[in-house]
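Coordinates in review
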Amino acid sequence: MEPKLRIEGASKIYATKSGAVHALEDFSLDVHEGELVCILGPSGCGKTTLLWALSGLHALSSGRILLDGTPVVGPRPKEIGMIFQDANLLPWRNLRQNIEFPFEIKKRPVDGQRIDALLGETGLRDFVGSMPRELSGGMQQRASIVRALAQNPGVLLMDEPFGALDAFTRDEMNLLLMRLWSESGQTIVFVTHNISEAIFLADRVVVMTPRPGRLARVYEIDLPRPRTVEMMFESGFIELVQDMKRVVETGGRDLLEVE
Amino acid sequence: MSELRDEIPSFEKRTTADHGPIDWTGLTSIRGARSTMEVGSIIALFALVFFGLELILRWTNTPTYVFPKPIAVVRTLANEFTAVYAHHLWVTMYEFLAGYAIGSAVGLLLAALITQKPFAEKVIAPYVLIMVTTPMIAFVPFLRLKMGFGSWPLIIAVALAAGPMVMINSATGFRRTDLAKIALARSYGASTFQIFRKIRFPLALPMIIVGFMVGSIFGLLTAVGGEMVAASESGGLGERLVYYSSLARMDEFGAVILIIAALGVSIYVLFYFVGKRWASWEA
Ligand SMILES: Nc1ncnc2c1ncn2[C@@H]1O[C@H](COP(=O)(O)OP(=O)(O)O)[C@@H](O)[C@H]1O
Ligand SMILES: [Mg+2]
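Each value, and the rule that gives it
Residues numbered from 1 in each chain as written. Chains lettered and ligands numbered in written order. Predicted model: local features only at pLDDT ≥ 70, side-chain atom pairs only at ≥ 80, totals over all residues. Heavy atoms only, no water. Helix = DSSP H or I, 4+ residues; strand = E, 2+ residues; numbered from the N terminus. Expected span 1.5 Å × (residues − 1). Bend = angle between axes of the 7 residues up to and from the residue. Buried < 20%, exposed > 50% of the residue type's maximum accessible area, 1.4 Å probe, protein only. Contact = heavy atoms within 4.5 Å. Core = buried A, V, L, I, M, F, W, Y, C linked by side-chain atoms within 4.5 Å. Buried area = accessible area lost by both parts, 1.4 Å probe. Salt bridge = Lys/Arg side-chain N within 4 Å of Asp/Glu carboxyl O. Polar contact = N/O pair within 3.5 Å; in protein donor to acceptor, adjacent residues only side chain to side chain. Phe/Tyr/Trp six-rings, centres within 6.5 Å; stacked < 30°, edge-to-face > 60°. Lys NZ or Arg CZ within 6 Å of the ring centre and 35° of its normal. pLDDT = per-residue confidence, 0-100. Patch = residues over 30% accessible without salt bridge, like charges linked within 9 Å, V, L, I, M, F, W, Y side chains within 5 Å. Areas by Shrake-Rupley, 256 points an atom, 1.4 Å probe, with all protein chains shown as cover. Arc of directions from axis to C-beta.

**Quick word on helix α3 (residues 118-133) of chain B**
Owing to its 3.6 residues per turn, the α-helix brings residues three or four apart onto one side. Residues and elements named next belong to chain B. For α3, with 16 residues, the first-to-last C-alpha span of 23 Å sits near the 22 Å given by 1.5 Å per residue. Helix geometry: α3 is bent most strongly at Ile124, by close to 40°, with proline Pro126 lying one to four residues after it. Those residues of α3 that sit buried are Glu121, Val128 and Val132. Check the buried side of α3 and you find it contacts α2 (70-114), α5 (152-175) and α7 (192-230).

Here it is as structure tokens:
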């Protein structure tokens, strides 16, 4: 079966005043339709760089990305929804206007029904008139998820969406995300530097090395769904966390030798 | 399909608000009054200054040609407003509003244009600075010689004074870029114009409002000052100032000053509310 997303030998070198920065090196991965893949790696390993390339926001230095078999050479607003690091709401718009922003850009009629349903599920219905700065971090991030989901994209790219949230709120948001995903069946690429978050959410976890970002190892996660917070305290889960921690720290070198 | 650009995804060094947020409350300490106590004290202090001045001037027997007494000034203003001052107020307002409209429109447009190209900005910036620091009043007599005794010399001076102020502040606003927000718009397929209208412009708006405010004060001063130097045949508030002071008619002189002060305060209050409505998201 043809993968939904195919990343082939993706490399990215930034030219800076102090020389070339190798952010991403020969990264290859297939993501299948309806799959939730987490990309895990330490800060600065090139996760955002990879996601921006996937969403067609910037070009790779070499390699290519295929979505449904066609190369991504620019934004694909019909098929891809991007959720940015921090909620990235527009501070001069209230919550409802923020959610309607993509409709304005696409010059499409606002799908009020879909928005209302999503607002209900995310518990934001009473806050549609609030300005972003009046909302908590969790609420802002929920709003940015509603903004993306209202477009009903086939592929959702999420860049550390819950990185700035406290642990409790994060668990809550992860559960919400999985519930929404189980209803919609989107393909999700979720970037995080949090190991247990990655395992908790993913069908597969892709571990990256520190800069330059390379693929260190791929883990299949066979925890049953729907998942619960309690699963994070089971011994299998904890062992997996420790294992991944080692891979992240060593860049996967020791494991490659063992296997 | 849109062309790929090599943009910077680095969120570590965030580029939000290059020039720092604009603190509307920091621009001045005046805020809307909150309670009857506050309103009461504002009125009480005003009364104290007004009548205190009156009393001091009476006790010290200060002659009117040295300093007019507040009560007499207000009486003069009230009695002769429609007969005398309304006309001159209109003359000044006309020059001011026409010049301000032209100057600020051109200033805003130029700011939006030059900030698109950093190179253009570098080349043009020194001239804008020179214009900001040049007292445009100085050109009014010269313009009179060329253009006669109508309103145009003053309209032009006002435009030249207000325009660069609007431009320099608006340019600061347009220079603020927020890559994450621009990327957001692009990810939904936004065109360059949509990015300008929906991201860059709202981001710049608080600074644009500051520019319009400073520009309007500069414009008003230039209108009045220009009339003091070389008024049109219709007069104007500045022309009245020179006229009354040359005859030592200080009550009337004071009345004109009061009108100008009222204009300044009105402009201020207007922009206070404009800022509150359109720029408060940043405060
Ligand atoms: N525009 C840029 N110019 C130079 N270096 C960059 C730029 N953007 C990112 N980098 C560098 O590339 C590396 C990867 O960045 P990024 O993709 O943001 O990592 P992550 O999202 O995993 O934290 C980092 O070392 C970062 O400093
Ligand atoms: Mg990142």
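**Let's talk about the nonpolar core**
Formed by 95 residues in total, the largest nonpolar core has its most connected members in Phe27(A) and Val205(A). Among residues more than four places away in sequence, those in contact with Val205(A) are Cys38(A), Leu40(A), Ala198(A), Ile199(A), Arg217(A), Val218(A), Tyr219(A), Ile221(A) and Met244(A). The next biggest cluster of nonpolar side chains, apart from the first, holds 40 residues, and it includes Val73(B), Ile114(B), Val132(B) and Tyr272(B).

**Describing the interface of chain A and chain B**
On the chain B side, the residues contacting the 35 residues of chain A number 29 residues. It is Trp52(A), Trp92(A) and Ile105(A) in chain A that bury the most area against chain B; as a group they hold 22% of the surface buried on that side. Inspection of the region where chain A meets chain B yields 1 salt bridge. Remark: the boundary between chain A and chain B carries 5 residue pairs in polar contact (both at pLDDT 80 or more). Breaking the side of chain A that touches chain B down by element, the ones donating at least two residues are β1 (5-16), α1 (47-54), α2 (95-106) and α4 (137-149) of chain A. For the side of chain A that touches chain B, the leading source of residues is α2(A), giving 5 residues.

**A look at the packing of aromatic side chains**
Residue and element names in this part refer to chain B. For the coordinates displayed, the defined rule picks out 13 aromatic pairs over all chains. An angle of 25° between the planes, with centres 6.3 Å apart, marks the rings of Phe46 and Phe50 as stacked. Within this pair, Phe46 and its partner Phe50 are both found in helix α1 (residues 36-59), separated by 4 residues, close to a single helical turn. Both rings, one in Tyr100 and one in Phe212, keep their centres 6.1 Å apart while their planes meet at 80°; by these two values the pair is edge-to-face. On the criterion of sequence distance, the pair formed by Tyr100 in helix α2 and Phe212 in helix α7 is long-range, its members being 112 residues apart. For Tyr100, a relative accessible area of 12% translates into the label buried. A network of ring pairs unites the aromatic residues Phe46, Phe50 and Phe51 as a single cluster. The cationic tip of Arg240 hangs over the ring face of Tyr243; the distance from NZ or CZ to the ring centre is 4.3 Å. The positively charged end of Arg240 is found above the aromatic ring belonging to Tyr244, 5.3 Å away from the centroid.

**Observations concerning the confidence of the model for chain A**
The predicted structure's coordinates, where accompanied by low pLDDT, should not be read in detail. Confidence in the prediction of chain A, expressed as mean pLDDT, is 92, and 97% of residues score 70 or more. Throughout residues 255-259 of chain A the model reports pLDDT below 50, and contacts reaching past four residues in sequence, or to other chains, amount to 4 contacts.

**Comments concerning a nonpolar patch on the surface**
Residues and elements named next belong to chain B. On the surface, Ile102, Val106, Leu109, Leu110, Leu113, Met147 and Trp152 cluster together into a nonpolar patch covering about 680 Å² of accessible area. Per element, the largest residue contribution to the nonpolar patch is 5 residues, and it comes from α2. Tracing the chain through its elements places Met147 in helix α4 (residues 140-147). Classification of Met147 as partly exposed rests on a relative accessible area of 39%.

**Things to note about helix α8 (residues 237-246) of chain B**
Residue and element names in this part refer to chain B. Within α8, burial applies to Leu237, Gly238, Arg240, Leu241 and Tyr244. Down the axis of α8, the buried side of the element spans an arc of 155°, and every buried residue falls inside it. Turning to α8, the residues buried within the fold contact α2, α7 and α9 (250-278). Two residues or fewer after α8 comes Ala248, characterised by a positive phi angle close to 55°.

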